[in-house]
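Inside the fold
If you want the building blocks of each chain, they are given just below.
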Amino acid sequence: MSSYEHSVVINLDKCTGCTACIKHCPTEAIRIKNGKAEINDERCIDCGECIRVCPHKAKKAICGQLKNMERFKWKIALPAPTLYGQFENLEDIDYVLDGLLKIGFDDVFEVSKAAELVSAYTRKYLKTEGVKKPAISSACPVVVRLIGLRFPSLSENLIHMLPPMEVAARLAKEKAAKEHPELKPEEIGVCFITPCPAKSSYVKNGFAEYKSSVDEVVSISDIYFLLIGEMELGSDIKQLSQSGMIGVGWARTGGEATAIFNENYLAADGIENVNKLLDQIENGNIPQLEFIELNACTGGCVGGVLTMQNPFIAKAKLQILRRYLPVSQNTPSKDELEYIPNCYLFNELPEYPPISRLSDNIAESMRMMSDIQKLRNNLPGIDCGSCGAPNCRAFAEDVIKGLADIKSCRILDDKE
Ligand code: SF4
Ligand code: SF4
């Protein structure tokens, strides 16, 4: 039984067992059982791909609710930069930040501000002796979990820097405590406004030995209409934004990588591409690279399933917003860059049992592997999905593990 708390769930009443989702799941986590989809918690990486492809809207993401922030005296919003790309005719990020204050937040701390600091310290990190190259960004929680489950040998390539959301939460709480010494730590609450369910799972489960500093995660789609109602475009508002091009650029693929200021990088997106690339990296089948940025969603965070805008349009809107921004508004001084502060780093990676492991016993594992191969050779090999598994190989594995009955193969059954 998995102890990982997921954010992607199925509404069984809506599921027709159509099998559309099983073939798109990057970790083969879904099976159809008794006519309904079932997610294997140990394999799911909360990528949201099944939400995207389900024609019956039977999959959904569970996030927190804004009203849950009422338990705090001082409420801080942490907007992901993707939020800025969601609105029509927006010429200034300050309208979004002002809107967040109007819907009830006491303060706003931009994740793009923290992203600029993370970029600066990542540049320092990459110059540190002993860092395994290519260094892979750990900013996308889907990618981190995918590596742990499917490509564990690449875990040592992951950069041990916390994602901007987490750094922003820590810095926002520190700032509030300093500016409002009358507040007790438990009275300060931080709410991340997320483009994807994976960030919500990250907050629920923490990261290795760390508990997240984020208290609530609300989706962009849930907050969008509330904000639209409060944003007064064209009115006079205070200057609130403290981000530059670098921080806002993190919302789309390549934004994090270009901020490394090293040409020797690769940036890719889309879970299928990410899966293939990790496979190539594991097999040593890539050129020498310093840094790899991988985003599970197409286009980067702008492509998250909890956004409102087409990712390509959101990207274009961000491009317009970035045009008058300085390169960065958050560059640490030379002295501050002498070492990377602890609040940016994690020591231990979370450990996920690799999904390719068939048994803890090597001999047993090898026997099972051979049985799977034999059974697979006897199956029709057309990957029809009618057995409820995404393909014949996955079905053979289920049968040998005792998770499926060979009689579920309708084609084999018809032949007999
Ligand atoms: S896509 Fe999956 S979850 Fe959606 S109806 Fe079909 S089987 Fe059910
Ligand atoms: S969220 Fe992603 S990994 Fe989880 S079941 Fe859906 S497609 Fe598979």
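Located above this text is the structure these notes cover.
Values in this document were obtained by computation on a predicted structure and should not be read as measured data. (Residues numbered from 1 in each chain as written. Chains lettered and ligands numbered in written order. Predicted model: local features only at pLDDT ≥ 70, side-chain atom pairs only at ≥ 80, totals over all residues. Heavy atoms only, no water.)

1. A closer look at the sheet that holds strand S6 (residues 107-108)
- With respect to topology, four strands assemble into an open sheet ordered S6-S5-S8-S9, the strand pairing being parallel. A strand with exactly one partner marks an edge of an open sheet, and here the two such strands are S6 and strand S9 (216-219).
- Pairing of strand S8 (residues 188-194) with S9 involves four bridges; the strand directions are parallel. Looking across to S9, one finds that Thr 194 is bridged to Ser 219. (Pairing = 2+ DSSP bridges. Helix = DSSP H or I, 4+ residues; strand = E, 2+ residues; numbered from the N terminus.)

2. Here's the deal with the side chain of Asn 157
- Along the chain, the position of Asn 157 falls in the loop between helix H4 (141-150) and helix H5 (164-179).
- In this structure Asn 157 comes out as buried when scored by relative accessible area, which is 5%.
- Among residues more than four places away in sequence, those in contact with Asn 157 are Lys 132, Lys 133, Pro 134, Ala 135 and Ile 136. (Buried < 20%, exposed > 50% of the residue type's maximum accessible area, 1.4 Å probe, protein only. Contact = heavy atoms within 4.5 Å.)

3. Details of the side chain of Asn 275
- With respect to the secondary-structure elements, Asn 275 resides in helix H10 (residues 271-282).
- A residue is classified by how much of its surface remains accessible, and Asn 275, at 13% relative accessible area, is buried.

4. Some points on the nonpolar core
- The biggest cluster of nonpolar side chains holds 76 residues, and the ones touching the most others in it are Leu 78, Met 161, Val 214, Leu 278, Leu 294 and Tyr 344.
- Sorting elements by how many residues they give to this core places helix H3 (residues 111-126) first, with eight residues.
- Counting the residues that make up this core, at least three belong to each of domain 1 (1-62) and domain 2 (66-344).
- With residues near it in sequence (within four places) discarded, Leu 78 still touches Phe 109, Val 111, Met 165, Ala 168, Ala 169, Ala 172, Val 190, Cys 191, Phe 192, Ile 193 and Val 214.
- Judged by nonpolar contacts, the second largest core, of 30 residues, contains Phe 87, Met 231, Ala 251 and Val 302. (Core = buried A, V, L, I, M, F, W, Y, C linked by side-chain atoms within 4.5 Å. Domains from an automatic or database assignment.)

5. Side note on the pairing of S9
- Side chains of S9 alternate between two faces, with Glu 216 and Val 218 and Val 217 and Ser 219 buried alike.
- A crossover links S8 with its parallel partner S9, the connecting element being helix H6 (residues 197-205), and its sense is right-handed. (Right-handed = clockwise from strand over helix to strand, strands pointing away.)

6. Concerning the site of ligand 1
- Around ligand 1, the surrounding shell holds 14 residues, and the nearest of these are Cys 15, Thr 16, Cys 18, Cys 21 and Cys 54.
- Along the lines of polarity and charge, the residues of the shell around ligand 1 split into nine nonpolar, four polar and one charged. (Near = heavy atom within 4 Å. Nonpolar A, V, L, I, M, F, W, Y, C, P; charged D, E, K, R; others polar.)

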